Amino acid sequence: MASVRRSYLQLIFEAIGLPILPDYWDYQYKVNHQFDSYNSLLITGIGSIDDFAVNELDEFDAQQQAVQDQVPVIKQKSNTVGATWSRRFKDASGNMRLTLSTNRLENQFSQFNDNVNQEGLYFQNDATEQEIKLRLNVTKFLGEWITSYGGSIQNVDYSNATTDVVNNANFNANMNLYRYGAFFQTSRSINNRNSVSVGIRLDGNSFMESGNDIWNTLSPRFSYSYKITKNGNWTLNGSLGRYYKIPPYTILGFKDNSGKFVNQNTKYIRTDHGVLGIEYLINKSSRITLEAFWKQYASY
């Protein structure tokens, strides 16, 4: 399967004389091949092209002229593609998924004294991010328990070139790092009314000063479900968990005027989640849920 789309807003905006022209494309594709009863391959991708331009006005309008002078000119491309090999174990004890993928984002953000003709550049930010990822996920059925475990490793390239004529500043950075992680989770149902799940995850990277101290990103998770009524129409659900996220590459890749990375001593962003909810099963195809959640952030 494949599809390509293009916007038509830029044609409407130009026809009615608006000062901006948002022109974008997107595309997606998917190929699925079944080798046999136990092995299959999925290749899928998605991407977009965003070309935000400024329209020359036929007649002077102070408000639209102000918009025309202040908006940036943006050129952006994104692309993601991946392949997943799925294998069902012949003894029916579980399955495995191995995924290799890459994603890339190119973003150019510019401002000119003359945005229409793109002359007199006074600010430009040209940034590129690319990740190559390899992930393994294994699921095993061990008696009443369903257990999943796996890991991931990825290589990251980030570059940023910024020119700021007004403040006489130039910024150039190139960063390469490795990220890795591992997880384990197991769950089971107990006497048809209770279900429990516990898990843990660790993450690290090669760039931050404490990036390899993976015990600092120890992330436990726990969830519990209880069927209040014997027929299972009413269910109480709850979960607690800790999650870590690496700071954005814009932060990690920032350099001072001497060309030194100044944010290598930063920490992973942490958040603790608590969720409590109740669920009512109307019939086999419909349900109503009500949930409340609490989040606590740290190192943000």
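What counts, and at which threshold
Residues numbered from 1 in each chain as written. Predicted model: local features only at pLDDT ≥ 70, side-chain atom pairs only at ≥ 80, totals over all residues. Heavy atoms only, no water. Helix = DSSP H or I, 4+ residues; strand = E, 2+ residues; numbered from the N terminus. Buried < 20%, exposed > 50% of the residue type's maximum accessible area, 1.4 Å probe, protein only. Contact = heavy atoms within 4.5 Å. Areas by Shrake-Rupley, 256 points an atom, 1.4 Å probe, with all protein chains shown as cover. Lys, Arg positive; Asp, Glu negative; His and termini not counted. Charge placed at Lys NZ, Arg CZ, Asp CG, Glu CD. Pairing = 2+ DSSP bridges. Core = buried A, V, L, I, M, F, W, Y, C linked by side-chain atoms within 4.5 Å. Salt bridge = Lys/Arg side-chain N within 4 Å of Asp/Glu carboxyl O.

Enquirer: Run through the overall build of the protein, naming residues and quoting values.
Expert: Along the backbone of the protein there are three helices and 13 strands. Taken over the C-alpha atoms alone, the protein extends approximately 75 × 50 × 45 Å along its principal axes. For the protein, with 300 residues in total, the buried portion stands at 29%. Considering only contacts within the protein whose residues lie at least 6 apart along the sequence, 56% involve residues at least 24 apart. About 19100 Å² of surface is accessible on the protein, with carbon and sulfur atoms providing 54% of the total. Positive and negative charge centroids in the protein, built from 29 and 28 side chains respectively, lie 20 Å apart.

Enquirer: For the pairing of strand E5 (residues 94–114), give the residues involved together with the corresponding values.
Expert: Alignment of strand E4 (residues 73–88) against E5, held across 16 bridges, turns out to be antiparallel. Paired with Arg-87 across the strands is Met-96, a residue of E5. Hairpin remark: E4 followed by E5, antiparallel, with five residues in the connecting loop; positive phi at Ala-92, about 60 degrees. With 20 bridges connecting them, E5 and strand E6 (residues 119–142) associate as antiparallel partners. Opposite Asn-95, over in E6, you have Thr-139 as the bridge partner. From the end of E5 to the start of E6, which pair antiparallel, there are four residues, and Gln-118 there has a positive phi angle of about 55 degrees.

Enquirer: Can you lay out unusual backbone geometry for me, pointing to particular residues and giving the numbers?
Expert: A positive phi is found at Ala-92, a non-glycine position, where the angle reads about 60 degrees. Here Ala-92 lies in the loop between E4 and E5. Unusually for a residue other than glycine, Asn-191 sits at a positive phi of about 40 degrees. Inspection of the secondary structure puts Asn-191 in the loop between strand E8 (169–190) and strand E9 (194–205). A residue is classified by how much of its surface remains accessible, and Asn-191, at 53% relative accessible area, is exposed.

Enquirer: How would you sum up the pairing of E4? Please name residues and give values.
Expert: In terms of strand pairing, strand E3 (residues 39–54) meets E4 through 14 bridges, oriented antiparallel. Pairing of Ser-48 across the sheet is with Ser-78, part of E4.

Enquirer: How would you explain the nonpolar core if you had to name every residue and give the values?
Expert: One finds Val-156, Tyr-158, Met-175, Leu-177, Phe-207, Met-208, Tyr-244, Ile-246, Tyr-249, Leu-252, Phe-261 and Tyr-268 forming the largest nonpolar core, which totals 12 residues. If we ignore the near neighbours within four places in the chain, the residues touching Tyr-244 are Asn-216, Thr-217, Leu-218, Ser-219, Tyr-268, Ile-269 and Arg-270. Within the second largest apolar cluster, five residues are counted, among which are Phe-52, Val-54, Val-71 and Phe-112.

Enquirer: Summarise the pattern of salt bridges; cite the residues concerned and give the values.
Expert: Under the criterion given, the structure shown has 10 salt bridges. Across the pair Asp-203 and Arg-201 runs a salt bridge whose closest N-O atoms are separated by 2.9 Å. Take Asp-203: its relative accessible area is 15%, and that puts it in the buried class. Ionic pairing is found between Arg-242 and Asp-272, a salt bridge with its closest N-O pair at 2.7 Å. Residue Arg-242 is located in strand E11 (residues 234–245), and its partner Asp-272 is located in strand E12 (residues 269–283); the two are separated by 30 residues in the primary sequence. What makes Arg-242 partly exposed here is its relative accessible area of 28%. Each member of the salt-bridge network shares a partner with another, and the members are Glu-131, Lys-133 and Arg-179.

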